[in-house]
Structure formats: structure tokens, C-alpha cells
Amino acid sequence: MGLKNMYGLRIIGTGRALPSRVLTNDDMTQYVETSDEWITSRTGIRQRYFCGENENTTTLAIEAAKKALEKAGIDKGEISCVLVATSSGEYAMPSTACMVHKALELDENITVMDVGAACAGFLYAVETARALMIANGGRYALVIGAEQMSHVLDMADRNTCVLFGDGAGAAVLMLEEDAEYVSVTGTRGDMAIMVGGPRREQPMAMEGQNVFRFAVSTIPMCVEKLLEKGGVTLEDVDWVVCHQANQRILDASVRRLGVPAEKFYKNLDRYANTSAASIPLALDEMMESGKLVSGQRIIMCGFGGGLTWAGVMMRA
Ligand code: ACO
């Protein structure tokens with residue numbers, strides 16, 4: 001298989017939203033016995049954003065979506081589906097996607113739903129949006145990753161509460177004939193080593209070291225599968241944008257793949273792990289700063305609870 005797909009995707013607009021509260025590592029010592037030194041050296045995280053009053057997964061998703069739509073410069077009537085990747089929505093129903101649909105006053109005759117694949121959720125949603133557009137004849141999709149991780153954390157568990165943050169990223173994607181697009185998705189349902197409910201009543205718990213091992217083998221595997229499917233090498237790729245979980249996971253992946261570290265985008269020092277939001281949040285930051293320019297080839301790779309993993313290679 002080559003890189004040209006009969007129907008690929010292009011990113012035509014991105015947006016991001018962050019809540020108002022910033023918590024440094026020192027701030028986390030009010031909840032658990034920890035230190036800036038422990039968190040920084042084990043994870044690379046220096047701060048995270050947590051939702052304040054009147055902020056949640058929905059408000060973040062709506063803000064990021066509005067910005068992405070504005071940058072895309074298309075009529076919102078042209079959006080054929082809205083997918084929100086999240087594990088921390090306010091309700092099972094209505095879905096977060098339905099609340100975005102309401103806030104943006106979108107057309108009735110479109111597909112609107114949440115996608116649950118934890119930190120791989122954004123890429124699962126991208127893949128689903130593409131399939132929906134091919135099946136139903138749509139041209140533009142609004143795909144969002146939004147999380148209020150602070151709502152699903154046990155703030156007394158130092159093994160998890162220091163690792164995550166809140167935020168949202170959104171992308172307007174255009175279906176284009178003969179555009180480059182290669183994807184892979186995978187699931188290890190037998191590895192339920194990260195578990196948690198949508199609310200604090202069943203907070204997240206995780207086998208940290210096993211998740212670490214899974215991540216450092218999955219990123220290189222995912223990247224290599226994409227390269228093989230596309231018939232290109234990492235030298236032909238401008239950026240690798242991985243789910244931002246831990247600096248040491250990214251460093252180990254860089255070493256295993258033997259690529260220059262600069263090719264891997266990193267921002268987890270400022271946001272911590274924002275689960276499904278981390279990849280679109282990074283895309284928007286990269287676009288805004290001019291690091292990622294239209295036409296560049298990127299690989300995106302996500303991995304998370306489930307366990308799930310997914311990768312996409314395409315042009316920005
Ligand atoms: N502050 C201080 N000490 C801590 C903290 C903390 N926040 N958390 C754990 N410790 C202690 C432990 O209690 C343990 O103490 P003990 O030896 O007295 O029992 C000690 O630190 C070492 O714990 P380890 O688990 O061995 O620490 P490790 O070096 O493995 O790092 C970490 C832990 C950072 C969680 C690592 O395993 C990791 O990054 N795993 C991947 C987690 C991850 O990224 N998950 C999400 C990815 S997938 C997704 O995003 C959905």
C-alpha cells in the first residue's frame with residue numbers, strides 16, 4: 001500500500017482551550033506527599049491546568065471548536081459530523097458532542113457523538129470521521145479531544161493525580177480525494193491496566209510501570225507500521241506528534257526509533273497528560289507557532305486505557 005489514499009484528510013483549522021487554574025508541581029503538595037523534583041525527574045511535567053468553577057469538558061470542547069471553525073474559515077453548515085473524544089464528559093447523555101452541537105447551532109442532519117478510546121481517542125475519532133464522510137458523502141468534520149481529567153482523579157493518590165491535566169483541542173478536517181493518509185488502530189482488551197469511571201466516584205487507577213512498558217513498545221511499533229504502510233522512512237516525515245504522557249516515554253521512543261529528538265513534538269511539561277486532548281492541543285500549538293506548516297507530513301500516535309492505540313500519517 002502507498003501513501004496516496006483514495007480519500008485522505010487535510011487539517012484546515014485547529015483550536016485549543018485551557019482552563020483558568022494553573023497548578024505547579026509545588027501546588028500538588030497540598031494534595032499528596034510529593035515534590036517538584038520527583039515529578040519533574042520521573043515525568044518531565046512541570047505544571048498542569050485544572051478546571052475552575054463553571055469550567056468542564058463541555059466548555060473546553062466548545063471553546064476549542066469555535067476557534068478551529070473560525071480558523072478553517074468554512075460555513076458551519078458544511079460540517080457533516082462532530083466527534084468528541086473524551087473519557088471525562090459531564091454526562092453519558094447528552095454526549096459532549098451533542099452539547100457542542102447545541103452551542104454551535106449546527107445542522108440537524110449530521111452525525112454527532114462521543115468516542116471513547118481514552119488517550120488514543122482523538123485518532124480513533126479522526127479515523128471514524130473519515131469513514132463517516134466517505135460513507136455519507138460529507139466534506140468537513142469537526143473532531144475534538146476534550147478532557148477534565150481533574151474530575152476523574154483521586155486527589156489523594158499520588159501515583160496518578162500528579163500526572164494528568166485538563167484541556168481541549170479541536171480540528172476541522174477536510175476529506176480530499178487522493179490526499180495522503182495512512183492509519184493503524186489497535187486494541188488490547190486483555191490489558192485493563194488503567195481503569196476509571198467518568199466521575200470521581202470511581203477514580204482512575206493505573207499500573208504505572210506496566211503502562212510505561214506498553215507505551216515504549218507501542219509508539220515505535222505504531223510508527224513503523226505507518227511507515228511500512230506508506231512506503232516512506234522517518235526521514236520523509238517532518239513531525240511525530242505522540243500522545244503526551246511522560247517525557248521518559250517519548251525519550252525511550254526516540255532512542256528506539258533512532259530519530260533526532262527534535263522531530264518529536266513535546267509540550268507535556270506545561271499541560272501534563274490531557275488524555276484525548278493532547279494530540280489536537282499540540283497540533284494547534286504547532287500551527288499557531290508556525291512550527292507545523294500546511295503541506296508538512298506528520299505522524300500522530302496515541303495510546304491509552306483499554307488498552308488502545310492508534311496512528312495516522314498525513315499531510316497537515
Ligand atoms: N511523588 C512522590 N513519590 C511517588 C509519587 C509521587 N507523585 N508517585 C509514586 N511515588 C513513589 C511510589 O510510591 C514508590 O515508592 P515506594 O518505592 O516507596 O513504594 C516510588 O515513588 C517509585 O514508584 P514507581 O512506580 O516505581 O515509579 P516509576 O519510576 O515507575 O514512575 C510513573 C512512576 C511516573 C507513574 C511511571 O511508571 C510512568 O510514567 N508510567 C506511565 C504512566 C502513564 O504515562 N500513564 C498514562 C499513559 S496512557 C494514557 O495516557 C491514558
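Here, the structure is the one placed above.
Let us look at the structure shown here.

Analysis parameters
- Residues numbered from 1 in each chain as written.
- Predicted model: local features only at pLDDT ≥ 70, side-chain atom pairs only at ≥ 80, totals over all residues.
- Heavy atoms only, no water.
- Near = heavy atom within 4 Å.
- Polar contact = N/O pair within 3.5 Å; in protein donor to acceptor, adjacent residues only side chain to side chain.
- Areas by Shrake-Rupley, 256 points an atom, 1.4 Å probe, with all protein chains shown as cover.
- Helix = DSSP H or I, 4+ residues; strand = E, 2+ residues; numbered from the N terminus.
- Nonpolar A, V, L, I, M, F, W, Y, C, P; charged D, E, K, R; others polar.
- Salt bridge = Lys/Arg side-chain N within 4 Å of Asp/Glu carboxyl O.
- Buried < 20%, exposed > 50% of the residue type's maximum accessible area, 1.4 Å probe, protein only.
- Phe/Tyr/Trp six-rings, centres within 6.5 Å; stacked < 30°, edge-to-face > 60°.
- Contact = heavy atoms within 4.5 Å.
- Core = buried A, V, L, I, M, F, W, Y, C linked by side-chain atoms within 4.5 Å.
- Pairing = 2+ DSSP bridges.
- Right-handed = clockwise from strand over helix to strand, strands pointing away.

Another aspect to go through is the site of the ligand. Around the ligand sit 25 residues, and of these Thr-34, Cys-119, Gln-209, Asn-246 and Asn-273 come closest. Here a nitrogen atom of the ligand and a side-chain polar atom of Thr-34 are 2.6 Å apart. Its free accessible area being 1000 Å², the ligand has 75% of it covered by the protein chains. Looking at the shell around the ligand, the elements with two or more residues in it are helix H1 (36-43), helix H5 (208-230), helix H6 (247-257) and strand S12 (297-304). Per-element accounting of the shell around the ligand gives the leading share, four residues, to H5. Looking at the shell around the ligand residue by residue, the classes come out as 11 nonpolar, 10 polar and four charged.

A few words now on the pattern of salt bridges. Under the criterion given, the structure shown has 10 salt bridges. The salt bridge partner of Arg-315 is Glu-180, with a shortest N-O separation of 3.1 Å. On the criterion of sequence distance, the pair formed by Arg-315 in strand S13 (residues 308-315) and Glu-180 in the loop between strand S7 (167-177) and strand S8 (181-187) is long-range, its members being 135 residues apart. Arg-315 gets classed as partly exposed once you look at its relative accessible area, which sits at 26%. For Glu-180, a relative accessible area of 11% gives the class buried. One salt bridge in this structure joins Lys-266 and Asp-251, with 3.7 Å as the shortest N-O distance.

What follows is about the packing of aromatic side chains. Tallied over the full model, the rule gives two aromatic pairs. Arranged with centres 5.9 Å apart and planes meeting at 35°, the rings of Tyr-49 and Tyr-271 form a pair that is tilted. Placement of the pair is Tyr-49 in strand S3 (residues 47-50) and Tyr-271 in helix H7 (residues 268-271), with a sequence separation of 222 residues. What makes Tyr-49 buried here is its relative accessible area of 17%. Relative accessible area serves as the criterion here: at 4%, Tyr-271 is assigned to the buried category. Ring centres 6.1 Å apart and planes at 80° place the aromatic pair Trp-239 and Tyr-265 in the edge-to-face group. Here the residue Trp-239 occupies a position in strand S11 (residues 239-242), and Tyr-265 occupies one in the loop between H6 and H7, the gap between them amounting to 26 residues.

This brings us to the environment of Val-115. Here Val-115 is to be found in strand S5 (residues 111-115). Spatially, the C-alpha atom of Val-115 lies 31 Å from that of Asp-236, the residues being 121 residues apart in sequence. Residues contacting Val-115, with those up to four places away along its chain left out, are Leu-83, Val-84, Ala-85, Thr-86, Gly-121, Tyr-124 and Ala-125.

Core analysis: the biggest nonpolar cluster contains 50 residues, and Ile-219 and Phe-264 have the highest contact counts within it. Every element with two or more residues in this core is listed here: S8, H5, S11, H6, S12 and S13. Ranked by size, the runner-up nonpolar core spans 37 residues in total, among them Leu-83, Phe-122, Leu-123 and Val-143.

On to the pairing of S5, then. Bridging between strand S4 (residues 79-85) and S5 involves five bridges; their strand directions are parallel. Looking across to S5, one finds that Val-82 is bridged to Val-112. Running through helix H3 (residues 96-103), the crossover from S4 to the neighbouring parallel element S5 is right-handed.

As a further point, take unusual backbone geometry. Look at the link from Met-93 to Pro-94: it is a cis peptide, with omega at -5°. On the secondary structure map, Pro-94 appears in the loop between S4 and H3. One non-glycine residue, Glu-105, lies in the positive phi region at around 50°. Inspection of the secondary structure puts Glu-105 in the loop between H3 and S5. Although it is not a glycine, Ala-118 sits at a positive phi angle of roughly 50°. Among the secondary structure elements, Ala-118 is positioned in the loop between S5 and helix H4 (121-136). Overall, Ala-118 belongs to the buried group, its relative accessible area being 16%.

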